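Okay, here's what each chain looks like letter by letter:
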Amino acid sequence: KEYIDQLGLNGKKYITLCSSLGGTVLIKALAKDYLQPTAAIMIGPNVEYHITLFAKVVSLLIPKFLVKRGLLPFVKFYLSRVYVDAKNEPEQIIKYMRAVEEADMVKTLPLLRKMRHYQIWTELTQVKTKTLLIGASMDKMHATQDCLKTHELMPNSKYVDLGSNKATHSEPLIDELKKLIEELEKERIA
């Protein structure tokens, strides 16, 4: 909201674009009417966090001095075996590994525990903004079924599956953005 104010976009036409955790933030902002974009594009928005009880228990029990040495290698292994198809999505695994290495895991673990039961399904019905939901059925990190359920609950949304995480962050996404802009222009003229 502050950026929209600083950029002088209030009352003007603009489109928001986010992915993953950014979707959580944008959904909350749109549901509370903090922002009034012409449209929104959300790539695999997180509406619910699927954090296991095991992850919560480990985050509570691991001593701080072992986080970097003990937990970090495990997290990397887990991400590359469970959440990311490292063979078919090498860019995605590189991006996630860098994020894990750069994160302050001691500060991240309490957040992980709070996210365990966090969900915003009820807010979806309050989002009136025209929204393009981009899914990636081959991306295990961003559950396709959650994106489809988001589409069902969000009244003014459209769902497009681009298949891979790479497609959701490259030219196929740009193609969908162009289609959305053309659609908005047709609506404006009509």
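Our subject is the structure listed above.
Note on numbering: residues in each chain are counted from 1, in written sequence order. Local features in this predicted model are restricted to residues whose pLDDT is 70 or higher, and side-chain atom pairs enter the listing and the counts only when it is 80 or higher, whereas totals over whole chains, interfaces and linings include all residues. The basis for every side-chain value is the complete set of non-hydrogen atoms in the structure, without hydrogens or water.

**Examining the nonpolar core**
Most often, soluble globular proteins keep nonpolar side chains buried together rather than apart.
Line of reasoning, step 1. Think of a nonpolar core as a cluster: buried Ala, Val, Leu, Ile, Met, Phe, Trp, Tyr and Cys residues, connected wherever their side-chain atoms sit within 4.5 Å. When accessible area is computed with a 1.4 Å probe and restricted to protein chains, residues below 20% of their type maximum are described as buried, those above 50% as exposed, and intermediate ones as partly exposed. Among the nonpolar cores identified, the biggest contains 20 residues, and Leu26, Ile27, Leu30, Leu35 and Met42 are the most heavily contacted of them.
Line of reasoning, step 2. Numbering goes from the N terminus for both helices and strands, where a helix is a DSSP run of H or I of at least four residues and a strand is a run of E of at least two. Counting only elements with at least two residues in this core, the list comes to α2 (21–31) and β2 (39–43).
Line of reasoning, step 3. Ranked by residues supplied to this core, first place goes to α2 with five residues.
Line of reasoning, step 4. With 13 residues, the next largest nonpolar core counts Val67, Val75, Tyr96 and Leu109 among its residues.

**Brief notes about the environment of lysine 158**
Line of reasoning, step 1. By the secondary structure assignment, lysine 158 is in strand β4 (residues 157–161).
Line of reasoning, step 2. The spacing of lysine 158 and lysine 130 is 28 residues in sequence and 8.1 Å in space, taken between C-alpha atoms.
Line of reasoning, step 3. The criterion used for residue contact is that any of the two residues' heavy atoms lie within 4.5 Å. Excluding residues that lie within four positions of it along the chain, lysine 158 makes contacts with Thr131, Leu132, Leu133, His151 and Glu183.

**Here we look at the sheet that holds β2**
Line of reasoning, step 1. Any two strands between which DSSP finds at least two bridges are classified as paired. The strand order β1-β2-β3-β4 describes an open sheet built from four strands, whose pairing is parallel. Because the sheet does not close on itself, it has two edges, and the strands there are β1 (15–19) and β4. Between one strand and the next, the sheet's axes are offset by a mean angle of 15°, whatever the strand orientation.
Line of reasoning, step 2. Relative to strand β3 (residues 130–135), β2 is paired through five bridges, and the arrangement is parallel. Of the residues in β3, the one forming a bridge with isoleucine 41 is leucine 132.
Line of reasoning, step 3. Convention adopted: a line fitted to C-alpha atoms gives each axis, helices being fitted over their contacting stretch, and angles between N-to-C directions are expressed from 0 to 180 degrees. Here α2 sits on the sheet and contacts β1 and β2; the angle it forms with β1, its principal contact strand, is near 140°.
Line of reasoning, step 4. Here helix α7 (residues 144–153) sits on the sheet in contact with β3 and β4, set at roughly 155° to β4.

**Observations regarding the side chain of glutamate 123**
Line of reasoning, step 1. Here glutamate 123 lies in the loop between α6 (105–115) and β3.
Line of reasoning, step 2. When its relative accessible area of 13% is taken as the criterion, glutamate 123 is described as buried.
Line of reasoning, step 3. Apart from the residues within four sequence positions on either side, glutamate 123 is in contact with Ile27, Lys28 and Ala31.

**What to know about the pattern of salt bridges**
Line of reasoning, step 1. Throughout this description, the term salt bridge denotes a Lys or Arg side-chain nitrogen within 4 Å of a carboxyl oxygen of Asp or Glu. One pass over the full model with this rule turns up nine salt bridges.
Line of reasoning, step 2. Taking the shortest distance from any N to any O, the salt bridge between arginine 98 and glutamate 102 comes out at 3.5 Å. A residue pair is termed a helical-turn pair when its members lie 3 or 4 positions apart in one helix, as arginine 98 and glutamate 102 do in helix α5 (residues 90–102) at four residues.
Line of reasoning, step 3. Glutamate 102 sits in the exposed class, given a relative accessible area of 60%.
Line of reasoning, step 4. One salt bridge in this structure joins lysine 179 and glutamate 176, with 3.2 Å as the shortest N-O distance.

**Describing a nonpolar patch on the surface**
Line of reasoning, step 1. Patch construction takes residues with relative accessible area above 30% that form no salt bridge. Like charges are linked within 9 Å, and nonpolar side chains (Val, Leu, Ile, Met, Phe, Trp, Tyr) are linked within 5 Å. We get accessible surface area from the Shrake-Rupley algorithm with a probe of 1.4 Å; when it comes to residues, only the shown protein chains can shield them. Together, Leu53, Val57, Leu60 and Leu61 line one region of the surface with nonpolar side chains, adding up to about 400 Å² of accessible area.
Line of reasoning, step 2. Position of valine 57 relative to the elements: it lies in helix α3 (residues 53–61).
Line of reasoning, step 3. For valine 57, a relative accessible area of 37% gives the class partly exposed.

**Some thoughts on the packing of α3 against α6**
Line of reasoning, step 1. Contact pair α3 / α6: the axes reach a minimum separation of 9 Å and the direction vectors enclose 145°. Read as a crossing pair, α3 and α6 show a hand that is left-handed. Here Ala55, Lys56, Ser59 and Leu60 of α3 come into contact with α6, specifically with Leu109, Leu112 and Arg113.
Line of reasoning, step 2. Three classes are used: nonpolar for Ala, Val, Leu, Ile, Met, Phe, Trp, Tyr, Cys and Pro, charged for Asp, Glu, Lys and Arg, and polar for all others, with Gly counted as polar. Residues that form the contact of α3 with α6 fall into these classes: four nonpolar, one polar and two charged. For any pair of crossing helices, the crossing counts as left-handed if the nearer helix is rotated counterclockwise from the farther one by less than a right angle, and right-handed if it is rotated clockwise.

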